[in-house]
Amino acid sequence: MPSKRIKRNQPHKRQESIDDEDIISDLPRNVIDCILGKMPLRDAIRTSVLSKKWRLNYLTIPQLVFDDQFCKELIDFAKKKKTRKFFNYQFNEIVTNSLMLHPGQIERFKVCIPKFSILGYPNVNKWMLYLSTKNIKKLTLEYKKNSVRHKLPPHFFSCLDLTYLKLRNFDFAPPPELKGFLYLEKLVFFGVHLANNCFESFLSSCPVLQKLHLRGCSGVCHFNIIGSKLKILCIKADDKFESISLENAPNLTKVTVALEKAFLAETQVLQMLSTSLDSLKIIELKAVNFMDFDQISVVCLIRSAPNLQELYIEASTVTLNQEQVSGYLKLMDCTTFPLSKLHLVKLTKISGFDPEFEFIRFLLFSSPSLVTMSVMEHPELEAVEALDIARKLLQLRPPTAVHINFLKES
């Protein structure tokens, strides 16, 4: 009698075939490009060994990022070769060839240029010439060597589709015929020299700029901030920086300024700004000297922001005009321009000088909606001085219930 054949169940085999499917490779090309663009460049290139389908995928990545991690790996490789000249050559070759051999659109290009020796310098001019033909959207060029400034080539100013721009240690001198970056939304300048008083006219040519960050920039003493769309402003400038004017940026929502020697333009006479900054909700000020009559004019900025909600101030008080500043703050009318929306205040590095307490008093009695005020003592204060600050804070009796926290810097 012939043996009966037992038919095996097939679902398990079917499951294996499903598991063996290469689902990722069948994704749309723009999705694959997005995945590769979020990977370190070295890892993205390594995907070329996965299969025949992936062999050339890395060549069309729309984002080319040569960041600090890339430089570190290249430096480690150069150390094995025991020659810095090899690193300079390799860095230039990799970046330049990646651009020259790229067949598609490049949306983002970022290069962190390390501290080159005299043996070689990067091909920035060649990079910009090529990028100017690629409709680049996001561009970051950073020189790590602070003593070196590279003048931007004319081709840079042909990248008119930029929406994001970050430059570090470059000379910025736009040509007179430049019509502007009409699509630029965020601008970051770090150690950039602004030549020929170009700052104001350049800002005017960026009509949709929303975020502006300036740090250690030179060539400008008086920053006239212009931009009807500008919402976020962060400034930390060099020692020659003298003043800021916010009159032409009415829609600011957050302002961060490291004052040092700076003060607000048109507030030397300590009056209200002529324009009310109705959209301004967050102010952060660093290195405020409460003894400096010019710097304490930041009160005028605060009073010109009727919808201010959060205030952060880091003090850097040194003995100067204590009586003059204290006298001015005592005369401030706390009811004329109330800060009706302010609910959070944080003051750091408070040393216990009279002007600091007069400023605290002004905030407490001008802010009917204030919920929390945090006062952090200066880290170098003696225990007795800190105790005196706590005692003075207890003596303040604001008209509304405010929770005052006196903290020690950790």
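Computed from a predicted structure; not experimentally measured.

Trainee: Whenever I open this one, the overall build of the protein confuses me. Can you help?
Mentor: Tallying secondary structure elements over the protein gives 11 helices and 19 strands in all. Looking at the protein as a whole, 44% of its 410 residues are labelled buried. If you take every contact in the protein between residues at least 6 apart in sequence, the share linking residues at least 24 apart comes to 64%. In the structure as shown, the protein presents an accessible area of about 22,000 Å², 53% of it carried by carbon and sulfur atoms.

Trainee: It is not clear to me how the packing of aromatic side chains should be interpreted in this structure. Could you clarify?
Mentor: Each pair of aromatic rings is reported with the distance of its centres and the angle of its planes. In the structure shown here, the tally under the stated rule is 17 aromatic pairs. Ring centres of Phe70 and Phe91 lie 6.2 Å apart, and the angle between their planes is 50°; this geometry places the pair in the tilted category. Of the two residues, Phe70 sits in helix 4 (residues 68–81) while Phe91 sits in helix 5 (residues 84–100), which places them 21 residues apart along the sequence. For Phe70, a relative accessible area of 15% translates into the label buried. Pairing Phe172 with Phe189 gives two aromatic rings, centres 5.1 Å apart and planes at 55°, and the pair type is tilted. Of the two residues, Phe172 sits in strand 6 (residues 170–172) while Phe189 sits in strand 7 (residues 186–190), which places them 17 residues apart along the sequence. For the pair Phe172 and Phe189, a shared accessibility class is recorded, and that class is buried. Linked through ring pairs, Phe156, Phe157, Phe172, Phe181, Phe189 and Phe202 together constitute an aromatic cluster.

Trainee: Would you mind showing me how to read the environment of Leu387 here?
Mentor: Within the secondary structure, Leu387 sits in helix 11 (residues 383–395). The class for Leu387 is exposed, based on a relative accessible area of 62%. Between the C-alpha atoms of Leu387 and Gly352, which are 35 residues apart in sequence, the distance is 10.0 Å.

Trainee: So what exactly am I meant to see when it comes to the sheet that holds strand 6 here?
Mentor: One key point about sheets: their strands pair by backbone hydrogen bonds, in either a parallel or an antiparallel sense. The 3 strands are arranged 4-6-8 in an open sheet whose pairing can be described as parallel. Edge strands, defined here as strands with exactly one partner in the open sheet, are strand 4 (150–151) and strand 8 (193–194). In terms of strand pairing, strand 6 meets strand 8 through 2 bridges, oriented parallel. From the neighbouring strand, Phe172 faces strand 8, where its bridge partner is Leu194.

Trainee: What exactly am I supposed to notice about a nonpolar patch on the surface here?
Mentor: On the surface, Leu27, Val31, Ile35 and Met39 cluster together into a nonpolar patch covering about 260 Å² of accessible area. Along the polypeptide, Leu27 turns up in the loop between helix 1 (11–20) and helix 2 (29–37). Taking the relative accessible area as the measure of exposure, Leu27 reaches 31% and is therefore partly exposed.

Trainee: Whenever I open this one, the confidence of the model for the protein confuses me. Can you help?
Mentor: The predicted coordinates should not be examined in detail at positions where pLDDT is low. Chain-level pLDDT for the protein is 80 on average; 74% of the residues reach the 70-or-more range. Within the protein, the element-level pLDDT minimum falls on helix 1, averaging 49, and the maximum on strand 5 (residues 164–168), averaging 97. Contacts of residues 13–19 to residues separated by more than four positions or lying in other chains number 0 contacts, the stretch itself having pLDDT below 50.

Trainee: I'm lost on the side chain of Thr140 in this one. Help?
Mentor: Counting through the fold element by element, Thr140 comes out in strand 3 (residues 138–143). The exposure class assigned to Thr140 is buried, which follows from its relative accessible area of 6%. Those residues within four positions of Thr140 in sequence are excluded, and the remaining contacts are Phe109, Lys110, Val111, Tyr164 and Lys166.

Trainee: Teacher, can you tell me more about the nonpolar core here?
Mentor: Soluble globular proteins tend to bury their nonpolar side chains together. Ranked by size, the top nonpolar core spans 94 residues in total, and within it Phe109, Phe156, Phe172, Phe189 and Ile225 carry the most contacts. Contact partners of Phe189, with chain neighbours within four places excluded, come to Leu165, Leu167, Phe172, Leu194, Phe202, His213, Leu214, Arg215 and Cys217.

Trainee: Where do I start with the packing of helix 10 (residues 354–366) against helix 11 in this structure?
Mentor: To characterise two packed helices, one gives the angle between the axes of the helices and the distance between these axes. Two numbers describe how helix 10 lies on helix 11: the axes approach to 11 Å, and their chain directions differ by 30°. The angle between helix 10 and helix 11 falls in the class roughly parallel. When the axes of helix 10 and helix 11 are compared, the crossing they make is right-handed. The residues of helix 11 that touch helix 10, namely those facing Asp354, Phe357 and Ile360, are Ile389, Lys392 and Leu393. Along the lines of polarity and charge, the residues of the contact of helix 10 with helix 11 split into 4 nonpolar, no polar and 2 charged.

Trainee: Quick question: what am I supposed to make of the pairing of strand 15 (residues 282–288) here?
Mentor: Regular strands have side chains that alternate between both faces of the sheet. With 5 bridges joining them, strand 13 (residues 254–258) and strand 15 adopt parallel strand pairing. The partner of Val255 across the bridge, within strand 15, is Ile283.

Scoring rules and cut-offs
- Residues numbered from 1 in each chain as written.
- Predicted model: local features only at pLDDT ≥ 70, side-chain atom pairs only at ≥ 80, totals over all residues.
- Heavy atoms only, no water.
- Helix = DSSP H or I, 4+ residues; strand = E, 2+ residues; numbered from the N terminus.
- Buried < 20%, exposed > 50% of the residue type's maximum accessible area, 1.4 Å probe, protein only.
- Contact = heavy atoms within 4.5 Å.
- Areas by Shrake-Rupley, 256 points an atom, 1.4 Å probe, with all protein chains shown as cover.
- Phe/Tyr/Trp six-rings, centres within 6.5 Å; stacked < 30°, edge-to-face > 60°.
- Pairing = 2+ DSSP bridges.
- Patch = residues over 30% accessible without salt bridge, like charges linked within 9 Å, V, L, I, M, F, W, Y side chains within 5 Å.
- Salt bridge = Lys/Arg side-chain N within 4 Å of Asp/Glu carboxyl O.
- pLDDT = per-residue confidence, 0-100.
- Core = buried A, V, L, I, M, F, W, Y, C linked by side-chain atoms within 4.5 Å.
- Axes fitted to C-alpha atoms, helices over the stretch in contact; angles between N-to-C directions.
- Parallel < 35°, antiparallel > 145°, perpendicular 65-115°, else oblique.
- Left-handed = near helix turned anticlockwise from the far one by under 90°.
- Nonpolar A, V, L, I, M, F, W, Y, C, P; charged D, E, K, R; others polar.

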